[in-house]
Amino acid sequence: MHKPLRIAAIAAACAVTGAALYGAGAATAGQSTANSTHEPYNIGLLVKDIDTYYGTTLDADGVYQASTSSQYAKDLAKLDKAARQQIDKAARKSLKKGDKPAVVFDIDDTLLLSLDYEKKTNYTYNATTWADYVNKADRPGVFGSAELVRYAESKGVEVFYNSGLSEAQRAAAVANLKKIGADVNLDADHVFLKDKANPPSYLSACATPGTWTCTTVQYKSGTRKHIEQDLGYDIVANFGDQYSDLDGGYADKTYKLPNPTYFVS
């Protein structure tokens, strides 16, 4: 299942006017909600701000793409540079101590860009159209994402994926990641997806077969805890486009990627 809470541009993009804040990771979850004490933000202007931030263009195939010269791309490049330096340093330190360093990546809008879906659905979520979109396995990569995955692997760091996509979407997610060049550790032992029918025992506090009450933070942090405490890895960096991808601990460093199109609590 796609990230559970979708908010139209009027609420999701409240911080877009300070787009650089997203790239710098300075915006907070609280800043991502509209202030009800004054007139709401104008949705038309916010959509324009989002398009400007991404440098949105419609390609020859009718797909909305982000521009490599956009502020979005520049913010990602800054994050990528900082992450590489930190991963390199942390990996050397961890390996010297005999530890097993790891990185964890969210998938939606951390590795695979959903801008085309957001634009064509007017920033609203529908389970059926989202599933169709994911199953096409044709999303473009977030700028620099596949390269960062391969960079971590080249430094002796184990790569894991921690996504809100459902178990039924595994084949499509793996195919799409391969397509963008993030073909690293795409087996079931490294790609963690939501399996509501048969949740893992390490999530038993909020999920049992057929009953799922885990919040995004519980699911994601519980999975990271499993990677560290059960599998024995030290997560040196955790990447996500939502604060709920990052909250809950079990990572030495977190990186918030820019995403002004929706907010997941």
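Per chain, residues are indexed from 1 in the order of the written sequence. Local features in this predicted model are restricted to residues of pLDDT 70 or higher, and side-chain atom pairs are both shown and tallied only at a pLDDT of 80 or more, whereas totals for entire chains, interfaces and linings draw on every residue. Where side-chain values are given, they derive from all heavy atoms of the structure, hydrogens and water being excluded.

Caption draft 1: Fine view of the overall build of the protein chain. Elements are defined by DSSP. Helices are runs of H or I of four residues or more, strands are runs of E of two residues or more, and each kind is numbered from the N terminus. Looking only at helices and strands, the protein chain has 10 helices and 9 strands in total. Remark: exposure states derive from per-residue accessible area (1.4 Å probe, protein chains only) relative to the maximum for the residue type, with buried under 20%, exposed over 50%, and partly exposed in between. Looking at the 265 residues of the protein chain, the share that counts as buried comes to 51%. All accessibility values rest on the Shrake-Rupley procedure with a 1.4 Å probe; residue burial counts only the protein chains present in the view. With the model as given, the accessible surface of the protein chain reaches about 11700 Å², and the carbon-plus-sulfur share is 52%.

Caption draft 2: Structural context of helix H4 (residues 71-96). Take the residue count of a helix, subtract one, and multiply by 1.5 Å to get its expected span. Relative to the 38 Å expected for 26 residues at 1.5 Å per residue, H4 spans 38 Å between its end C-alpha atoms, a close match to the ideal helical length. Positive phi shows up at Gly98, right after H4, with a value of about 85 degrees.

Caption draft 3: Just the state of the cysteines, in detail. Counting rule for disulfides: a pair of cysteine sulfur atoms within 2.5 Å. Enumeration according to the criterion identifies 1 disulfide in this entry. The disulfide bridge from Cys206 ends at Cys214, spanning 1.9 Å between sulfur atoms. What sets the handedness of the Cys206 and Cys214 disulfide is the S-S torsion sign, and at about 85 degrees it is right-handed. With relative accessibility at 9%, the residue Cys214 sits in the buried group.

Caption draft 4: Expanded view of the sheet that holds strand S4 (residues 158-166). One open sheet holds the 5 strands; their spatial order is S5-S4-S3-S8-S9, and the pairing between them is parallel. Each of the sheet's edge strands pairs with one partner strand only, and the pair in question is strand S5 (191-194) and strand S9 (254-256). Across the sheet, the mean angle from the axis of one strand to that of its neighbour is 15 degrees, orientation sign disregarded. DSSP calls a pair of strands paired once it identifies at least 2 bridges connecting them. Here strand S8 (residues 234-240) pairs with S9 via 3 bridges, running parallel. Within S9, the residue paired with Asn238 across the bridge is Thr254. Contact between two residues is taken to exist if any of their heavy atoms lie within 4.5 Å; hydrogens are not considered. In this analysis, axes come from line fits to C-alpha atoms, helices being fitted only over the stretch in contact, and the angle between any two N-to-C directions falls in the range 0 to 180 degrees. Lying on the sheet, helix H7 (residues 145-154) is in contact with strand S3 (101-105), S4 and S8; it crosses S4 at an angle near 145 degrees.

Caption draft 5: How the structure looks around the layout of surface pockets. Cavity: a set of points on a 1 Å grid over the protein atoms alone where a 1.4 Å probe fits but cannot get out. Pocket: an open set with protein on both sides within 12 Å along at least five of seven lines, its lining residues, like those of a cavity, having an atom within 4 Å of a point. Grid points are joined across faces, edges and corners, and a volume is the space filled by probe spheres set on the points. Taken as a whole, the largest pocket holds about 210 Å³ of empty space. For the largest pocket, the full set of lining residues is Val63, Gln65, Asp116, Tyr117, Lys120, Tyr133, Lys136, Asp138, Arg139 and Pro140. It is helix H5 (residues 115-120) that contributes the most residues to the lining of the largest pocket, 3 residues altogether. Split by residue class, the lining of the largest pocket holds 4 nonpolar, 1 polar and 5 charged. For this classification, Asp, Glu, Lys and Arg are treated as charged, while Ala, Val, Leu, Ile, Met, Phe, Trp, Tyr, Cys and Pro are nonpolar and the rest, including Gly, are polar.

Caption draft 6: Region of the structure containing unusual backbone geometry. Its identity as a non-glycine residue notwithstanding, Asn122 has a phi of 55 degrees, on the positive side. Topologically, Asn122 is positioned in the loop between H5 and helix H6 (127-135). Residues other than glycine seldom take positive phi values, yet Asn185 does so here, at roughly 50 degrees. Along the chain, Asn185 turns up in the loop between helix H8 (170-179) and S5.

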